[in-house]
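Residues per chain are reported as follows:
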Amino acid sequence: MTGDVRLTKVPSTIALFRMSAVMWNAHRVHYDEAYAIGVEGHGGLLVPANLLSSYLCEAAMAWAGPAGRVLRMTFRTRAPVLADTVLTVRAQETSVGPDGGRRVAELDLGIDDAAGDTPVTGTAWVRLPAEPDGP
Amino acid sequence: MSDPSRPDPEVRSYTLPVDPVAARRFAYAATDENPLYFDDEAARAAGYERAIAPPMFVCSMFDHTAGPPERDLRPDGVAPGVFPSVVRPDAALLGGGQEVEFLAPVHLGDTLEVTRSVVDHYRRPSRQFGALEFVVMESRAVNQDGVLAVRIVDTLVVRQ
């Protein structure tokens, strides 16, 4: 089956703007740096959680391949992630078991920063494509 | 002030049209150019009827309404009505995580009816902040054929 997936993502201020725009989300911590730093005391612009979860989902789908299906995903943000941070997004298989005639893999998901911290963790359950019939 | 030990029964509903332009803008914002979102043929080859929406698109369109005019936003830019009434207008908000079940594909052009309700609300001591409140909300997105396509459980961490 597929090997571990590792993606590199750098959430730019443009990506933050576009995500906020498509969601009609005016939360200033995502685009107003003076507000994020001066009023709320963050170290910069905050990456919205749904951008981080999108990265995790992309990694899970890359692991599964186009014919696989992500059935369920959970994630937790443990620390804020700032814009322009270089991130490594990973999906690794932890187990595979039968589920109603198909096989379902459990994946450990995580987003690591360059300092070696893991601000986002998650788990996905992926249904593997049907295998071709045997001889 | 509501009693933190009792779930707030309030429910919000909205219609989420899975607009291909919005869904593809979402994909580009997430720097995810998966052909399943852009190419009907690629999606059919993978067993879908046609191109699908990025799975997190539905989970991210938290309150698909016009929202209030700018004068009615909170000072941090958040629309106050998005959150249940147990969240005070001046509360600091943190996303506590999400659990999502993808029960049926969401294709571009689908229409989802989303219903969100508060299913739990509790308070926990916090060393750093004294006490934190946790508001757990469940959203259910049902498609135009009456099929429950996505179920989302959001935990909101509230400092107030």
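For the structure itself, consult the block above.
Predicted, not measured: the structure shown is a model, and the values here were computed from it. The written sequence of each chain sets the order in which its residues are numbered from 1. Following the order in which they are written, the chains are lettered starting with A and the ligands numbered starting with 1. Given that this is a predicted model, residues contribute local features only at a pLDDT of at least 70 and side-chain atom pairs are listed and counted only at 80 or more, while totals for whole chains, interfaces and linings are drawn from all residues.

Engineer: An account of the overall build of chain A is needed here, citing residue identities and associated values.
Structural biologist: We count a stretch as a helix when DSSP gives it H or I for four or more residues in a row; a strand needs E for two or more, and each element gets its number in order from the N terminus. Of the regular secondary structure elements, chain A holds three helices and five strands. Considering only C-alpha atoms, chain A reaches an extent of 65 × 30 × 20 Å along its principal axes. Once C-beta atoms are placed from the backbone, each residue is buried if 20 or more other C-beta atoms lie within 10 Å of its own, exposed if 12 or fewer, and partly exposed for counts between those two. The buried share among the 135 residues of chain A stands at 41%. Within chain A, counting contacts between residues at least 6 apart in sequence, those at least 24 apart form 63% of the total. Note on contacts: residues are paired as contacts if their backbone-placed C-beta atoms lie within 7 Å.

Engineer: Go over the interface of chain A and chain B, please, and point to the residues and values.
Structural biologist: The partner chain B presents 30 residues to the 29 residues of chain A that form the contact. Secondary-structure elements contributing two or more residues to the side of chain A that touches chain B are α1 (13-23), α3 (49-64) and β2 (69-77) of chain A. Of the residues belonging to the side of chain A that touches chain B, the class tally is 17 nonpolar, six polar and six charged. Across four bridges, β2(A) lies against strand β2 (residues 92-102) of chain B in antiparallel orientation. Each bridged residue has a counterpart across the sheet, and for Phe75(A) the counterpart in β2(B) is Gln98(B). The classification used treats Ala, Val, Leu, Ile, Met, Phe, Trp, Tyr, Cys and Pro as nonpolar, Asp, Glu, Lys and Arg as charged, and all other residues, Gly among them, as polar. Strand pairing is defined by DSSP finding a minimum of two bridges between the two strands.

Engineer: Which residues make up the sheet that holds β2(A), and what are the values?
Structural biologist: Judged by pairing direction, the sheet is antiparallel, and its 10 strands sit side by side in the order β1(A)-β3(A)-β4(A)-β5(A)-β2(A)-β2(B)-β5(B)-β4(B)-β3(B)-β1(B) without closing on themselves. Looking at which strands have only one partner, the edges of the open sheet turn out to be β1 (5-9) of chain A together with β1 (11-17) of chain B. Shown here is a sheet whose adjacent strand axes are inclined to one another by a mean of 20°, direction ignored. Bridge count for β1(A) against strand β3 (residues 87-99) of chain A is five bridges, and the pairing is antiparallel. Across the sheet, Arg6(A) pairs through a bridge with Arg90(A), a residue of β3(A). Axes here refer to lines fitted to C-alpha atoms; in helices the fit is confined to the stretch in contact. Angles between the N-to-C directions go from 0 to 180 degrees. Against the sheet, α3(A) contacts β1, β2, β3, β4 (102-113) and β5 (120-127) of chain A together with β2 of chain B, and its axis sits at roughly 145° relative to β2(A).

Engineer: Explain the environment of Val100(B) residue by residue, including any values.
Structural biologist: All names here are of chain B. With respect to the secondary-structure elements, Val100 resides in strand β2. On the basis of neighbour counts, which here come to 24 C-beta atoms within 10 Å, the residue Val100 falls in the buried class. Residues Val100 and Ser139 lie 39 residues apart in sequence; the distance between their C-alpha atoms is 9.5 Å.

Engineer: Would you mind going over the nonpolar core in detail, with residue names and values included?
Structural biologist: Ranked by size, the top nonpolar core spans 66 residues in total, and within it Leu56(A), Ala60(A) and Val58(B) carry the most contacts. The biggest single contributor to this core is α3(A), with 11 residues. Excluding anything up to four places from it in sequence, Ala60(A) contacts Val70(A), Met73(A), Ala91(A), Leu107(A), Leu109(A), Ala124(A) and Val126(A). If you look at the next biggest cluster of nonpolar residues, it comprises eight residues, including Phe83(B), Val135(B), Met137(B) and Val158(B). Only buried residues count toward a nonpolar core: Ala, Val, Leu, Ile, Met, Phe, Trp, Tyr and Cys, linked into one set through C-beta atoms within 7 Å.

Engineer: Could you give an account of helix α1 (residues 20-29) of chain B, with specific residues and numbers?
Structural biologist: Within an α-helix, residues lying three or four positions from one another point in the same direction, as the helix has 3.6 residues per turn. Listed in full, the buried residues belonging to α1(B) are Ala23(B), Phe26(B), Ala27(B) and Ala29(B). Seen along its axis, α1(B) keeps its buried residues to an arc of 165°; they face one direction. Of the surrounding secondary structure, the elements contacted by the buried residues of α1(B) are α1 of chain A together with α3 (55-60) of chain B. Directly beyond the C-terminal end of α1(B), a positive phi value near 50° is found at Thr31(B). The arc refers to the directions leading from the helix axis to the C-beta atoms.

Engineer: Please provide a residue-by-residue account of unusual backbone geometry, values included.
Structural biologist: Trans is the common state for peptide bonds, and a negative phi is the common state for residues other than glycine. A positive phi is found at Asp84(A), a non-glycine position, where the angle reads about 70°. Of note in the backbone geometry, Thr31(B) takes a positive phi value of approximately 50° without being a glycine. With respect to the helices and strands, Thr31(B) occurs in the loop between α1 and α2 (40-45).

In short, geometric facts, not functional conclusions.
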